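Examining the three-dimensional arrangement
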Amino acid sequence: MVLKVIPGAGRRGSGRLVLALLAGAFVAQPVLAQPSAALTPHQQLARDIYRDVIAFRTARGQQQVPAMVAYLVDRFKKAGFSDEDIQVTDYDSEGEKTQGLMVTYRAKPGSTDKPIVLLGHMDVVDALAKDWVRPPFTLTEEDGYFFGRGTDDNKYGITNLTATFLRLKAEGWQPSRDLVLVFSGDEETGMVSTVAQARYVAENIDPAFVLNSDAGGIALAEDGTPVAFRVQSAEKTFATYEMTVTNPGGHSSRPRSDNAIYELAEALGKIAAYQFPVRATDLTRSYFATAGKLTPGDLGQAMLRFAEDPSDAEAIATLQADPETVGTLGTTCVATMLSAGHAENALPQSATATVNCRIFPGEGAAATEAKLKEALGNDTISFKLVTDVTESPASRLRDDVKAALRNSLDKRYPGLTILPYMESGGTDGMHYRTLGYDTVALSGAALKASDMFAHGLNERLPVDSFYGGLDHWYWILKDLAE
Ligand SMILES: [Zn+2]
């Protein structure tokens, strides 16, 4: 799951930003260490897998994904999955050797329902031991937490899905439709395996829908009270532009009226002042309608008013002024890097600004670029799109998926609000949405805002959350495939 403490801080998503928002009203309480009660056999199995997969340093440059795949394949084979059920594919991800893994849990004979695809990613953002308090690639249980790189993003998802498959197999359960695990090997970097797997899935499996373990989940207040179950149903499109002004330059003792740095600076001022049109969809309105009830103060009121009337100027102003909500109101573009000039005593021959955009679903990169140019009112600035752009539509939270989630959730947190949301970053899911598959991310984890350390130092997951979520997929899959 892709979640960062700071919304939109990087290329990949920030799945939990709203959690901080929802939980903001609650007073922090000390976290109590959990007594290590005797584990059930399934808890022990899941914990063992968790420990083992975290030990593989599956970060870019380490070439460890194939070793982790071999480990998982061994687990699946020992549990009774046949060679035909398991597919390992090699990928070259921008020079890094990685692999993707697909495991099919076959339906009972005569089944006609379309398969369900379940996503997770095996790679992690790297972690440097010298910067961590505990060794990042050793699972450490301490003070009520599991520490280690991937304890949250996304080796928890890989562990939970894998352990659930093994558990269902051991029970002799036969689904009424094929269930297919699709684990990618470079979600955090090139997404080469993701894109190839998504294409393979579309051509060979054609699932009814896709469920992702890499975002969403239970948002807890700081005192541990559950606030909502967040379902990632859409992702904004990531696009980065370089805006460049060029100039003949010259000697700095002979300034001229035109100057690349001044022109670029003026253009950036216009970008800073520009606001993209406010957008509202069924997803974002129902999101604000629910989140507004859970958010205190003016912000919560603004959410409710916007949900009621997306042209409410006062509500828009409040939501646009808050970094937590501005991204849900429409496209945003912001300058993130700058480079200009070549010598202190020369007039600049070029000046370039990097502008990162998070494009609202349906708007498109071309229209976004056109709007930026319109805001500049100036065609002497050249634009270059420097990222691969994957545009993906919003997904429906299907009734059958919602009902299965409801049933699973009610065993732990009866009546907990289900809250679909739009992610400002990106996960594997966008590559399935773009192919037309309804894809929602619904991790089984329960986290407080203060537990968010994915991609960062000392990543952790509450021990309670780990064990508490182990039935999550079990009930969902039983519901959807029985
Ligand atoms: Zn992730």
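Located above this text is the structure these notes cover.
Notes on the structure in this doc start here. Residue positions are counted from 1 within each chain, in the order its sequence is given. This being a predicted model, a pLDDT of at least 70 is required before a residue's local features are given, and a value of 80 or more before pairs of side-chain atoms are given or counted; all residues contribute to the totals for chains, interfaces and linings. Remark: hydrogens and water are excluded; side-chain values derive from all non-hydrogen atoms of the structure.

Description of the pairing of strand S9 (residues 226–235)
What counts is decided by this rule: Exposure categories follow from relative accessible area, calculated using a 1.4 Å probe and restricted to protein chains: below 20% of the type maximum is buried, above 50% is exposed, and the middle band is partly exposed. Strands are runs of DSSP state E lasting at least 2 residues, helices are runs of H or I lasting at least 4, and numbering of each runs from the N terminus. Strand pairing is assigned whenever DSSP identifies at least 2 bridges connecting the two strands.
Summarising burial for S9: nine of the ten residues are buried, a large majority. By the bridge criterion, four bridges tie strand S8 (residues 217–220) to S9 in an arrangement that is antiparallel. Directly across from Gly-217, in S9, lies its bridge partner Arg-230. Alignment of S9 against strand S16 (residues 418–423), held across six bridges, turns out to be parallel. Directly across from Arg-230, in S16, lies its bridge partner Leu-419.

Points about empty space enclosed by the protein
Keep this limit in mind: A cavity here means a set of 1 Å grid points, computed over protein atoms only, where a 1.4 Å probe fits but cannot escape. A pocket is an open set with protein on both sides within 12 Å along at least 5 of 7 lines, and lining residues have an atom within 4 Å of a point. Grid points are joined across faces, edges and corners, and a volume is the space filled by probe spheres set on the points. Ten residue types, Ala, Val, Leu, Ile, Met, Phe, Trp, Tyr, Cys and Pro, are classed as nonpolar, four, Asp, Glu, Lys and Arg, as charged, and the remainder, Gly among them, as polar.
All told, the structure shown has one cavity of 30 Å³ or more when counted by the stated rule. The computed volume of the largest cavity comes to approximately 90 Å³. If you trace the largest cavity, you find 15 residues lining it, with Ala-59, Arg-60, Glu-96, Asp-123 and Gly-185 closest to the centre. Of all the elements, strand S2 (residues 96–105) adds the most residues to the lining of the largest cavity, at three residues. Class assignment of the residues belonging to the lining of the largest cavity gives a composition of three nonpolar, seven polar and five charged.

Brief notes about the environment of Ser-395
Test applied: Whether two residues are in contact is decided by their heavy atoms: any pair within 4.5 Å suffices. Polar contacts, as used here, are pairs of N or O atoms within 3.5 Å; protein pairs need one atom able to donate a hydrogen and one able to accept it. Residues neighboring in sequence count only if both atoms are side-chain atoms.
Following the sequence through the fold, Ser-395 ends up in the loop between strand S15 (382–385) and helix H11 (399–412). With relative accessibility at 10%, the residue Ser-395 sits in the buried group. When the C-alpha positions of Ser-395 and Ile-205 are compared, they lie 19 Å apart, and in sequence the two are 190 residues distant. When residues no more than four places from it in sequence are discounted, the contact partners of Ser-395 are Ser-233, Arg-433, Tyr-437, Asp-438, Thr-439 and Val-440. Reaching out from Ser-395, the side chain makes a polar contact with the side chain of Arg-433 at a distance of 3.0 Å.

Some points on helix H4 (residues 155–170)
This is how the line gets drawn: Here a helix's expected span is defined as the number of its residues, less one, multiplied by 1.5 Å.
With 16 residues, H4 ought to run about 22 Å at 1.5 Å a step, and its terminal C-alpha atoms sit 22 Å apart, in line with that. Of all 16 residues in H4, 14 are buried, a share of seventy percent or more. Positive phi appears at Gly-172, one or two residues downstream of H4, with a value of about 75°.

Thoughts on the side chain of Thr-244
On the secondary structure map, Thr-244 appears in strand S10 (residues 237–246). The class for Thr-244 is buried, based on a relative accessible area of 18%. A distance of 2.9 Å separates polar atoms of two side chains, one belonging to Thr-244 and the other to Thr-352.

As for the environment of Lys-384
Take Lys-384: it is sitting in strand S15. With 143 residues separating them along the chain, Lys-384 and Tyr-241 place their C-alpha atoms 5.3 Å apart. In this structure, Lys-384 is in contact with Thr-240, Tyr-241 and Glu-242, ignoring residues within four places of it in sequence.

What to know about the coordination of the zinc ion
How we decide: Donor atoms (N, O, S) are those found within 2.8 Å of the metal centre, with the cutoff raised to 3.2 Å for Na, K and Ca; water is not part of the atom list, so apparent gaps in a site can occur. All geometry calls rest on donor angles, where a four-donor set with angles between 85 and 135 degrees is tetrahedral, four- and six-donor sets with opposite donors more than 155 degrees apart and all others between 65 and 115 are square planar and octahedral, and all else is irregular.
All of the protein donors around the zinc ion are His-121 (NE2), Asp-153 (OD), Asp-214 (OD) and Asp-214 (OD); their distances to the metal are 2.0 to 2.7 Å. Each of the four donor atoms bound to the zinc ion contributes to angles spanning 52 to 145°, and the resulting shape is irregular. Mapping the donors of the zinc ion onto the primary sequence yields the spacing H-x31-D-x60-D. Residue Asp-153 is located in the loop between strand S5 (145–147) and H4, and its partner Asp-214 is located in the loop between strand S7 (209–212) and S8; the two are separated by 61 residues in the primary sequence. A residue is classified by how much of its surface remains accessible, and Asp-214, at 1% relative accessible area, is buried.

So, the environment of Ala-343
Counting through the fold element by element, Ala-343 comes out in the loop between strand S12 (332–340) and strand S13 (346–347). Take Ala-343: its relative accessible area is 34%, and that puts it in the partly exposed class. As a C-alpha pair, Ala-343 and Thr-284 span 59 residues in sequence and 48 Å in three-dimensional space.

Digging into the sheet that holds S5
How we decide: With axes taken as lines fitted to C-alpha atoms, and helix axes fitted only over the stretch in contact, angles between N-to-C directions fall between 0 and 180 degrees.
Read across the sheet, three strands follow the order S4-S5-S19 without closing on themselves; strand pairing throughout is antiparallel. The outermost strands of the open sheet, each flanked by one partner alone, are strand S4 (140–142) and strand S19 (460–462). Across the sheet, the mean angle separating the axes of adjacent strands is 25° when strand polarity is ignored. Relative to S19, S5 runs antiparallel, the two being bridged by three bridges. Bridge assignment links Phe-147 to a residue of S19, and that residue is Arg-460.

Description of the state of the cysteines
Spelled out, the test is: The definition used for a disulfide is geometric: two cysteine sulfur atoms within 2.5 Å.
With the rule as written, the count across this model stands at one disulfide. Across the disulfide, Cys-333 is cross-linked to Cys-357 (sulfur-sulfur distance 2.1 Å). Judged by the sign of its S-S torsion, about 110°, the bond between Cys-333 and Cys-357 is right-handed. Separated by 24 residues along the polypeptide, Cys-333 in strand S12 and Cys-357 in strand S14 (residues 350–359) bring together distant segments of the chain. Grouping residues by exposure puts Cys-333 and Cys-357 together as buried.

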